[in-house]
Amino acid sequence: MHAARNAARWHVERHPAGEDVKPFTPEKAKAIVMSLQQPAVFCNMAFDWPALRWNPKYLSEMLDGKTIQFRLGMKKIDAAPQFETECSYVQATLEEFLAWSSGLSSCFSGPFSCYDSCKYWAYADYKYIAKIFEDKTEIFQDVIWSDFGFPGRNGRESTLWIGSVGANTPCHLDSYGCNLVLQVQGRKRWHLFPPSDACFLYPTRIPYEESSVFSKVSVVNPDLKRFPLFKKAKAHVVTLSPGQVLFVPQHWWHYVESIDPITISINSWIELVEATSHEINLQYLNGAMSAYLEYQKAGVLQHRYPSRHRTERTMSASCKRRKTQVMAEPEDNKEADFPTAKRQSLQADTYLQRVA
């Protein structure tokens, strides 16, 4: 059973309905974010954020005809990832995007005219809110990361993502900080892999991407003949719904796809307590590549010299030494839930709970 099917899942218990009370103070939320080594979903932490009203109509009015760049890719699921350097790009208004994604005949001309919305998805990704709303700075206050213990952090330090169904970001890891993601409209499905799975994800670099390492594997449709080690990867899959906030620890691999007609998300990359230099980030990225190459070399040696079990054990240990401290891995063929941000105690057995 391939890794995405044999996924580990974690669940966050919702706060009782009808109680407009946040389960964590900003101080406790920050303590969780800065110490947790596994992805988690926060519920009931952003119910009062004005950003939750950022529906397509509202954003269209706020952008007031401004064009933004959309990345386009094929909806057909291929055995190879659709890297950003291989996609098409158009400049369009949000109104034009919404009309196109709805299949309106008015799109037979204009920026999307060459792309059938039944066959293509479009994604306005990595849009810095401070740039696209530079003339409407009051909108920055709609995003309240101070609720997570980061005072002064708002929309100015955030990015906006608007996509049609099927829009996706290929599996990759980011070297800069951890990630908080608010889902505003529609749902997105996240496939996350721990740093220790770098050996199984066939890392590669793509041009103009200095801060990320990508996987050669299409994690939702893997070619296991080309990438047999992917069978050993442990996917953690979660569907993020409006109002929920996903925490992604530093160096966790992730593939993200939109599963509703229109999705809107806001994220902010949070710096760790100790600043990480560009040189250290590059060392980590190169380390991920080296771990994969060493593991691949070990497999070749084992294939040629099957009696040399010591070589295999040595390389396996080398790969394990690169593991970042994470929670216990889930058992095969079972589903678990995302860590439960449940109570205000910071004891692992009270605010993190595995659900069978």
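Below: a short report on this structure. (Residues numbered from 1 in each chain as written. Predicted model: local features only at pLDDT ≥ 70, side-chain atom pairs only at ≥ 80, totals over all residues. Heavy atoms only, no water.)

**Looking at the sheet that holds strand β8 (residues 188-193)**
So, point 1. If you walk across this open sheet you meet the six strands as β9-β10-β6-β13-β8-β11, and the pairing is antiparallel. On the outer flanks of this sheet lie β9 (203-204) and β11 (236-240), each paired with one strand and no other.
So, point 2. With five bridges connecting them, β8 and β11 associate as antiparallel partners. In the sheet register, His-191 faces β11, and the bridge partner there is Val-237. (Pairing = 2+ DSSP bridges. Helix = DSSP H or I, 4+ residues; strand = E, 2+ residues; numbered from the N terminus.)

**Notes on the environment of Leu-72**
So, point 1. You can see Leu-72 is positioned in strand β2 (residues 68-74).
So, point 2. For Leu-72, a relative accessible area of 2% gives the class buried.
So, point 3. Leu-72 sits 49 residues away from Trp-121 along the chain, and the two C-alpha atoms are 5.6 Å apart.
So, point 4. The residues contacting Leu-72, other than those within four sequence positions of it, are Cys-87, Ser-88, Tyr-89, Val-90, Trp-100, Phe-112, Tyr-115, Trp-121 and Ala-122. (Buried < 20%, exposed > 50% of the residue type's maximum accessible area, 1.4 Å probe, protein only. Contact = heavy atoms within 4.5 Å.)

**A few points about the environment of Met-34**
So, point 1. In this fold, Met-34 is placed in helix α1 (residues 26-35).
So, point 2. For the pair Met-34 and Glu-271, spaced 237 residues apart in sequence, the C-alpha separation works out to 9.4 Å.

**Quick word on the sheet that holds strand β4 (residues 120-128)**
So, point 1. Strand order in the open sheet made by the eight strands is β1-β12-β7-β14-β5-β4-β2-β3, with antiparallel pairing throughout. Two strands lie at the open edges of the sheet, namely β1 (40-42) and β3 (88-92), each paired on one side alone. Neighbour to neighbour, the strand axes of the sheet diverge by 25° on average, direction disregarded.
So, point 2. When strand β5 (residues 159-164) meets strand β14 (residues 262-270), the two strands line up antiparallel, connected through six bridges. Considered in β14, the bridge of Gly-163 is made with Thr-263. (Axes fitted to C-alpha atoms, helices over the stretch in contact; angles between N-to-C directions.)

**Digging into the packing of aromatic side chains**
So, point 1. A complete count under the given rule lists 19 aromatic pairs for this structure.
So, point 2. Look at Phe-97 and Phe-112: their rings are 6.5 Å apart centre to centre, the planes differ by 50°, and that puts the pair in the tilted class. Taken together, the positions of Phe-97 in helix α3 (residues 94-101) and Phe-112 in the loop between α3 and β4 put the pair 15 residues apart, joining distant regions of the chain. Both residues of the pair, Phe-97 and Phe-112, belong to the buried class.
So, point 3. Ring pairing ties together the aromatic residues Phe-24, Phe-42, Trp-49, Trp-145 and Phe-148, which thus form one cluster.
So, point 4. When the ring centre of Phe-47 is taken as origin, the NZ or CZ atom of Lys-22, which lies over that ring, is 5.5 Å away. (Phe/Tyr/Trp six-rings, centres within 6.5 Å; stacked < 30°, edge-to-face > 60°. Lys NZ or Arg CZ within 6 Å of the ring centre and 35° of its normal.)

**Re unusual backbone geometry**
So, point 1. Even without being a glycine, Asn-44 presents a positive backbone phi close to 65°.
So, point 2. Secondary-structure assignment places Asn-44 in the loop between β1 and α2 (56-63).
So, point 3. Of note in this structure, Asp-64 is not a glycine but carries a positive phi near 55°.
So, point 4. Look at Asp-64 and you get exposed, because its relative accessible area is 61%.

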